[in-house]
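Examining the three-dimensional arrangement
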Amino acid sequence: MKSLSPKKPIVKKIIHVDMDCFYAAVEMRDFPEYRDIPLAVGGDGPRSVLCTCNYIARQFGVRSAMSAIKAKQLCPELKIVHGRMAVYKEVSDHIREIFSRYTDLIEPLSLDEAYLDVSNTTHCQGSATLIAEQIRTDIFNELNLTASAGIAPNKFIAKIASDENKPNGQCVIPPDKVASFVEELPLRKIPGIGPKTFQKLQQAGFSTCHDVRASSIAKLTPIVGKFAVSLYQKAHGIDNRELEVSRQRKSLAIETTLAVDIYTEKECFAVIKQLLPKLLARLNKVSNLKIVRQGIKLKFTDFNQTTVEQQSLSPDQQTYMTLLSKAHTRANKNGMQRGIRLVGLTLGFAEPCVESKVMAKQMMLPSL
Ligand SMILES: [Mg+2]
């Protein structure tokens, strides 16, 4: 009798996308005078900590999470600016929207970092490498910011890989290269190994994954406790964690940045008429969600923006027109008629998803 062939393991395609020095990059984009100087985002008070810094500052040894005082000692020229969370959040939403063009399986880790599972997508002939390139191109074209990416069969390797060719680069570790990639990996590069754990491991003679592979869980346990199992697996390139995806959306948005500023309500309405079918097409993909709100967003030439929302059970053109009238009156500021550079439509759904991890991370950010 013919034996059944063993089931072929499904190889995943995970992309880890990480923006390059995100907050600092946004500041450099928006303020040209910051582009060629060492720059950090954070508080500059005596007890403040830096959120991030640009690559010029990094040449001086300045790092994120470093105290402002220490950073200034290393680099007296360092310019520290206060963060503009609202702007970063908006950019982050746009990046998230770009991700969603390629897959629904997105696990955000923070405002500027996410895992994407593209195992089953058909974009770019299913090539994760090409998808990562395309995502980075979209981010650059639409936001004028650079991102790096790691492409691998699991989250752990993808995350480490995204750091390999930073900034503005990507690194692919195909399944057959995982073993050799991990072999020489210094243990301190493994997420979860902080300076203290690394020191303990080093004292016990472990400094690379190779050392861990040559050992055993039993020998690692007295040093790192429960983490031994995960460490042993990681040293072999194994990470079976699924993406933690919150499937429940809280909203759906579509927006367009206009090539030329527009001024009249009529012009805005023409844009809305173009956007609405696209919004409906996307809505079809996320069926089963109960609509509770619809809204409109306008961004003005001075980059301020306004949103007007109202309760609604279905996306309705007439309602968007009413919302537009309201939003459009706000273009007038102190008697000056501002142009409109972006028009967006939103839908809000019942039972908002809890993106608890992202919230937790944001709350942990040092106060600015
Ligand atoms: Mg980053």
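Shown above is the structure to which this text applies.
Our subject in this report is the structure included herewith. Here the structure is a predicted model, which means the values were calculated and not measured. (Residues numbered from 1 in each chain as written. Predicted model: local features only at pLDDT ≥ 70, side-chain atom pairs only at ≥ 80, totals over all residues. Heavy atoms only, no water.)

1. Considering the sheet that holds strand β14 (residues 340–349)
For clarity, the cut-off: We call two strands paired when DSSP finds no fewer than two bridges between them. Per the convention used, a helix needs a DSSP run of H or I reaching at least four residues, while a strand needs a run of E reaching at least two, with both numbered from the N terminus. In this analysis, axes come from line fits to C-alpha atoms, helices being fitted only over the stretch in contact, and the angle between any two N-to-C directions falls in the range 0 to 180 degrees. We call two residues contacting when some pair of their heavy atoms lies within 4.5 Å.
The four strands lie next to each other as β9-β14-β10-β11, forming an open sheet whose pairing is antiparallel. Every interior strand has two partners, whereas the edge strands, β9 (251–262) and β11 (305–311), have only one. Within the sheet, the average angular offset between the axes of one strand and its neighbour, ignoring direction, is 15 degrees. The pairing of strand β10 (residues 291–300) with β14 spans nine bridges and is antiparallel. The residue of β14 that forms the bridge with Ile 291 is Phe 349. Across the sheet, helix α12 (residues 265–285) touches β9, β10 and β14, and the angle it forms with β9 is around 150 degrees.

2. Considering the packing of aromatic side chains
What counts here: Each Phe, Tyr or Trp ring (for Trp, its six-membered ring) is paired with any other whose centre lies within 6.5 Å, and the angle between the two planes then decides the class: stacked below 30 degrees, edge-to-face above 60, tilted in between. Relative accessible area decides the class of each residue, using a 1.4 Å probe on protein chains only: under 20% of the type maximum gives buried, over 50% gives exposed, and in between gives partly exposed.
Tallied over the full model, the rule gives four aromatic pairs. Summarising the aromatic geometry, the rings of Tyr 23 and Tyr 88 are spaced 4.3 Å apart at their centres and angled 5 degrees between planes, so their arrangement reads as stacked. Note that Tyr 23 is positioned in helix α1 (residues 22–30) and Tyr 88 in helix α4 (residues 85–100), a separation of 65 residues in sequence. A relative accessible area of 11% means that Tyr 23 is categorised as buried. Residue classification places Tyr 88 among the buried positions, given a relative accessible area of 0%. Residues Phe 31 and Tyr 34 carry aromatic rings whose centres are separated by 5.5 Å and whose planes lie at 50 degrees to one another, so their mutual orientation is tilted. Phe 31 gets classed as partly exposed once you look at its relative accessible area, which sits at 27%. When its relative accessible area of 14% is taken as the criterion, Tyr 34 is described as buried. Every member of this aromatic cluster is reached through a ring pair, and the members are Phe 22, Tyr 23 and Tyr 88.

These results come straight from atomic positions and should not be treated as a statement about function.
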